[in-house]
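Descriptive structure summary
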Number of protein chains: 2
Amino acid sequence: MNFTTINPISNESLPGDFCESTAVDVSQACALAAEAAPFLRGKSGAEIATLLETIATQLTAVRDEILARVQAETGYPDGRVQGEFGRMVGGFGAFGQVARDSSWVEATIDHAEPDRAPVPKPDLRKMLIPIGPVGIFGASNFPLALSAGGSDVTSALAAGCPVVVKGHPSHAGTCALIAKAIQAGVAEAGFPEGTYQIVQGQGHEVGGAIVQHPEITAVGFTGSLKGGRALFDLAAQREVPIPLYAEMGSVNPQFVLPQLLDADSEKFAEGFFGSITLGNGQFCTCPGILFVPANSDVMLSKLAELVSASTGQPVLNKETASGFTSGISHLSSLPGVEVLAAGSLEGSAIGAPATVLKVSLADFLANREALSEEVFGPSAVIVVCPSASDYQEVAEGFCGQLGASIHGTEAELLENGDLIYQLERFTGRVVINAFPTGLEVCHSLVHGGPYPATTHSHFTSVGQSAMTRWGRAMSYQGFPDSLLPAALQESNPLGIARRVDGTITL
Amino acid sequence: MNFTTINPISNESLPGDFCESTAVDVSQACALAAEAAPFLRGKSGAEIATLLETIATQLTAVRDEILARVQAETGYPDGRVQGEFGRMVGGFGAFGQVARDSSWVEATIDHAEPDRAPVPKPDLRKMLIPIGPVGIFGASNFPLALSAGGSDVTSALAAGCPVVVKGHPSHAGTCALIAKAIQAGVAEAGFPEGTYQIVQGQGHEVGGAIVQHPEITAVGFTGSLKGGRALFDLAAQREVPIPLYAEMGSVNPQFVLPQLLDADSEKFAEGFFGSITLGNGQFCTCPGILFVPANSDVMLSKLAELVSASTGQPVLNKETASGFTSGISHLSSLPGVEVLAAGSLEGSAIGAPATVLKVSLADFLANREALSEEVFGPSAVIVVCPSASDYQEVAEGFCGQLGASIHGTEAELLENGDLIYQLERFTGRVVINAFPTGLEVCHSLVHGGPYPATTHSHFTSVGQSAMTRWGRAMSYQGFPDSLLPAALQESNPLGIARRVDGTITL
């Protein structure tokens, strides 16, 4: 069975047929990945880094072709796809650096004490090693940075794990081009075919088959709660359960303190408008709920003005457009909810007009669950509270979120330490005086959080630390030095930081 | 409903009735733990260390009472319970030291670059914070070191997580004494009651209720595959799934190379006999399968002699005894399996005689699954292979194990690098020239491994690194220094190793 992809600006099918992968295709890909696993395990961090750099060069060589296709399949503007292409290719460089550096393996050494009484102490050394073949699901909203060549893929390869990717059906052509370039890089670097493979499909079968394949040892997913939970359940129900790391989005609540608004309402309104419309709201970190104190009318007027004047941008696919329309319609129908402002929709066949809803705290609390559901796209619910002193209590009711922000003057922040630590309770990232969109990809980033933001709050799915998801802990006891992995050899040939006899040493 | 515990030497009920906890008891305990969580989150590593040290003192004060009870409930000899008591109390010291040191939080800092183009770089900092209330299941076989005051409990408290313990029904009295001492320590240190609580029960309901309680955020379990998997499934099926870290034992295969046996067959036989009978075989790391080359007759004769001369020791409870008897009887009935030797059973009403079975490689492979099943107690299956060159292929068939050993001369080890790395594939710990029993509890220990040894191979359940199971990742973006946790403040007041702008610094 074949399928095509759609240009959301024209609503027309794009050239290029994609074959729905079969169970046999998935099985072959997973078997090849399993064959490749010992090869990758045997490579040094430096060799893995070279692989990633070779792939980056191959991707860069077909930049124009990829950019044209991704624009056709997503309707994203020039700047967005150029920036995201840079982030994708940059990811290979950044994770290559982490692989080369090798300190991500958390090398730990405890020396023997042969004379210890009553029993001698053996030599024990520990590190993370690659878990094995990994399944990766591309996200719809980041067709470059979080898809067939995105950070789940890059972090897994960097950790030494072969990858089987499920391309996203709404940008299957982009995925195919990226996969071709990555496979060329794999071949050029002398790595086996099973290092990176892609399967495609519109239905749930292909993805389910990856998660259930016995050779797959872990899975990365970015997408909806419904999709992520379904795959998580499959992974947990296997005869041999495997970790399924799903990042499933959230509403990322924002809390604004009054003095900040007094100081510059317009600037805040502009910042908030920019954040909810960035990428046309199709960000996991889009701030979907904003809590403001009474007397925020100046800010709200400015925000309404900006939203009303906005023209629609295309959204990724028909499901996103219809989900947005029905989501907004449902929220608007709830008691006390009014549409503060909505933009127009022009220039794209499949689009979503920016929409901001307003509700009192009392009405929000009366329908809290419904009003806290993510409507994927450029929208937000603004909750007008009698006073900022209500924030603490309202914050206590939130379940897991990727991020949350508090906006205030320095004096206000110092007075609201309790609120800040209440936000910590339910998020993976607390942001002060900034909006949660626009992830800074670095070692300190946590793009994660308690369920339902993700399925495992110990890890992040973006940033260099994402690599540890693909490592398992391994101890070597009583090994002759020459048989130890380089990271654990006595002379520290990799020159990495290690915990030696309890103390981290350089 | 009340229950009592049994002395396995006399098969008589011990004094002391234990009340089967109700759903209401579990719910109250979990609610109190949730109340205590913010208090613990607010404590420094040094304050947590003081708590653990205070508990250690309280435990030491009732050492004699605990030792008497645990001996009555397990039949363990003096040396064993004294040693295990030391390990339990030592755990509070060791984890207290890790809490005080604070480097376990993996502090990571990326500084702002306000002038970066096209967008300024924000300040981001990351660390592990306590995940929240944790449920812990005590193991039957380590009533001190892995039970109500064992390393799951200690590591969780050290990480700042309140604990709800399910006592083990076969040593409920020991658990109650330990819990009383820990609670006295909690009170003395000024921590809230919810910091440590215990519920007791013989049935599955109490444990299920802990795993399913909405306030519980993670669970630690040590026990059987059947029990661990049932709880894992409950944890995964929750509305909000939580990680369930189960360590479920294994057969820890041993591979012996011929030159080593040529050099000293008797010493090897003595070592192996000691390992399978240590703690009467009731160790997760008991070596249940031994692969030897043809012409191992001298070693096998010596082993048979040792086993035949051995007298039985008591096992923990009737289930263990009957499981051992039926397990041995099942294995012995398989084609080609013969009893090489068995010890006698005297001096205890509930016991298990050391038993060693022998089978050819061909017959082993014909019934591999059955012969690879753990028979909990002092037993092993010895597989006589035509040649050590068969080991590589036989090793490829193993599923997840806690440990595996290879025994050889230095020359043999260097020739068998492939075999060593084949063992790595399915274990959490590869041991050279030693038996896997007798864990060295240190930072480099991995007491873990691929399923079914555990449910999550990224982590260890014993050793200081076990603490990271109870941490979740948290990012702080744009924080004023004074609002940051101490571990992330610019001046590094805790003096810990941190990754700063990509590089680990001291």
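Here is what the cut-offs are and how they apply
Residues numbered from 1 in each chain as written. Chains lettered and ligands numbered in written order. Predicted model: local features only at pLDDT ≥ 70, side-chain atom pairs only at ≥ 80, totals over all residues. Heavy atoms only, no water. Helix = DSSP H or I, 4+ residues; strand = E, 2+ residues; numbered from the N terminus. Buried < 20%, exposed > 50% of the residue type's maximum accessible area, 1.4 Å probe, protein only. Lys, Arg positive; Asp, Glu negative; His and termini not counted. Salt bridge = Lys/Arg side-chain N within 4 Å of Asp/Glu carboxyl O. Contact = heavy atoms within 4.5 Å. Least-squares fit on C-alpha atoms with pLDDT ≥ 70 in both. Phe/Tyr/Trp six-rings, centres within 6.5 Å; stacked < 30°, edge-to-face > 60°. Lys NZ or Arg CZ within 6 Å of the ring centre and 35° of its normal. Pairing = 2+ DSSP bridges. Axes fitted to C-alpha atoms, helices over the stretch in contact; angles between N-to-C directions. pLDDT = per-residue confidence, 0-100. Buried area = accessible area lost by both parts, 1.4 Å probe. Polar contact = N/O pair within 3.5 Å; in protein donor to acceptor, adjacent residues only side chain to side chain. Domains from an automatic or database assignment. Core = buried A, V, L, I, M, F, W, Y, C linked by side-chain atoms within 4.5 Å.

Looking at the secondary structure, you find Arg-499 of chain B in strand 22 (residues 498-500). No salt bridge is formed by the buried Arg-499 of chain B; its nearest oppositely charged neighbour, Asp-101 of chain A, is found at 4.2 Å. In this structure, Arg-499 of chain B is in contact with Asp-101, Ser-103, Trp-104 and His-443 of chain A together with Ala-107, Thr-108, Ile-109 and Ile-504 of chain B, ignoring residues within four places of it in sequence.

Time to look at the relation of the copies chain B and chain A. The operation relating the two chain copies consists of a rotation about an axis and a shift along that axis. Least-squares fitting of chain B to chain A yields an RMSD of 0.0 Å, with the superposition described by an axial translation of 0.0 Å and a rotation of 180°. The superposition operator between the copies reduces to a two-fold rotation axis. Taking the C-alpha atom as reference, chain B places Ala-236 of chain B closest to the rotation axis, 3.3 Å from it. Mapped onto chain A, 100% of the interface residues of chain B again fall at the interface, so both copies present the same surface.

What follows is about the packing of aromatic side chains. Per the stated rule, a full pass over the model turns up 31 aromatic pairs over all chains. Measuring from ring centre to ring centre gives 5.0 Å for Phe-142 of chain B and Phe-283 of chain B, while their planes differ by 45°; the resulting arrangement is tilted. Of this pair, Phe-142 of chain B sits in the loop between strand 7 (134-137) and helix 5 (151-158) while Phe-283 of chain B sits in the loop between helix 9 (258-277) and strand 13 (289-293), and the two are 141 residues apart along the sequence. Considered together, Phe-142 of chain B and Phe-283 of chain B belong to a single accessibility category, that of buried residues. Among the aromatic residues, those joined into a ring-pair cluster are Tyr-245, Phe-459 and Trp-470 of chain A together with Tyr-245, Phe-459 and Trp-470 of chain B. The positively charged end of Arg-80 of chain A is found above the aromatic ring belonging to Tyr-76 of chain A, 3.9 Å away from the centroid.

What follows deals with the sheet that holds strand 17 (residues 355-360) of chain B. An order of 23(A)-22(A)-5(A)-6(A)-21(A)-20(B)-19(B)-12(B)-13(B)-18(B)-17(B)-15(B) is seen for the twelve strands of this open sheet, with the pairing classed as mixed. The open sheet has two edge strands with one neighbour each: strand 23 (503-505) of chain A together with strand 15 (338-342) of chain B. Recorded for the sheet is a direction-independent mean angle of 20° between the axes of neighbouring strands. Note: strand 22 (residues 498-500) of chain A against strand 23 of chain A, three bridges, orientation antiparallel. Note that in strand 23 of chain A the partner of Arg-499 of chain A across the bridge is Ile-504 of chain A.

Looking at chain A, pLDDT values average 95 and 100% of them are 70 or higher. Of the two predicted TM-score estimates for the complex, the pTM is 0.96 and the ipTM is 0.96.

All right, on to the interface of chain B and chain A then. Quite often, the size of an interface is put as the accessible area lost when its parts meet. In this complex, chain B contributes 76 residues to the contact, which on the side of chain A involves 76 residues. With both sides pooled, the region where chain B packs onto chain A buries about 6,000 Å², and carbon together with sulfur makes up 57% of that total. Here chain B and chain A share four salt bridges between them. The partner of Arg-41 of chain B in a salt bridge is Glu-424 of chain A, and the shortest N-O contact between them spans 2.7 Å. Taken together, the connections running from chain B to chain A amount to 54 residue pairs in polar contact (both at pLDDT 80 or more).

The next thing to look at is the domain arrangement of chain A. All names here are of chain A. Annotation of chain A at the domain level lists domain 1 (18-248 + 454-471) and domain 2 (254-432). Centre-to-centre separation of domain 1 and domain 2, based on C-alpha positions: 33 Å. Taken over both partners, the interface formed by domain 1 and domain 2 buries close to 890 Å², and the fraction arising from carbon and sulfur atoms is 58%. Interface area lost by domain 1 to domain 2 is led by Tyr-76, Asn-141 and Glu-247, which between them contribute 37%. For the pair domain 1 and domain 2, the number of links is zero salt bridges. At the surface where domain 1 touches domain 2, the tally comes to two residue pairs in polar contact (both at pLDDT 80 or more).

In this section: the environment of Asp-363 of chain A. Residues and elements named next belong to chain A. Checked against the element boundaries, Asp-363 lands in helix 12 (residues 361-366). Take Asp-363: its relative accessible area is 26%, and that puts it in the partly exposed class. Each C-alpha atom of the pair Asp-363 and Phe-273 lies 23 Å from the other, and the pair is 90 residues apart in sequence.

Time to look at the nonpolar core. In a soluble, globular protein the nonpolar side chains are often hidden away together inside. The biggest cluster of nonpolar side chains holds 204 residues, and the ones touching the most others in it are Leu-59, Phe-291 and Trp-470 of chain A together with Leu-59, Phe-291 and Trp-470 of chain B. Ignoring any residue separated from it by four or fewer positions in sequence, one finds Phe-291 of chain B in contact with Pro-253, Gln-254, Phe-255, Val-256, Phe-364, Val-383, Cys-385, Tyr-391, Val-394 and Phe-398 of chain B. Counting residues in hydrophobic clusters, the runner-up holds 44 residues, among them Ile-210 of chain A together with Ala-29, Ile-216 and Met-248 of chain B.

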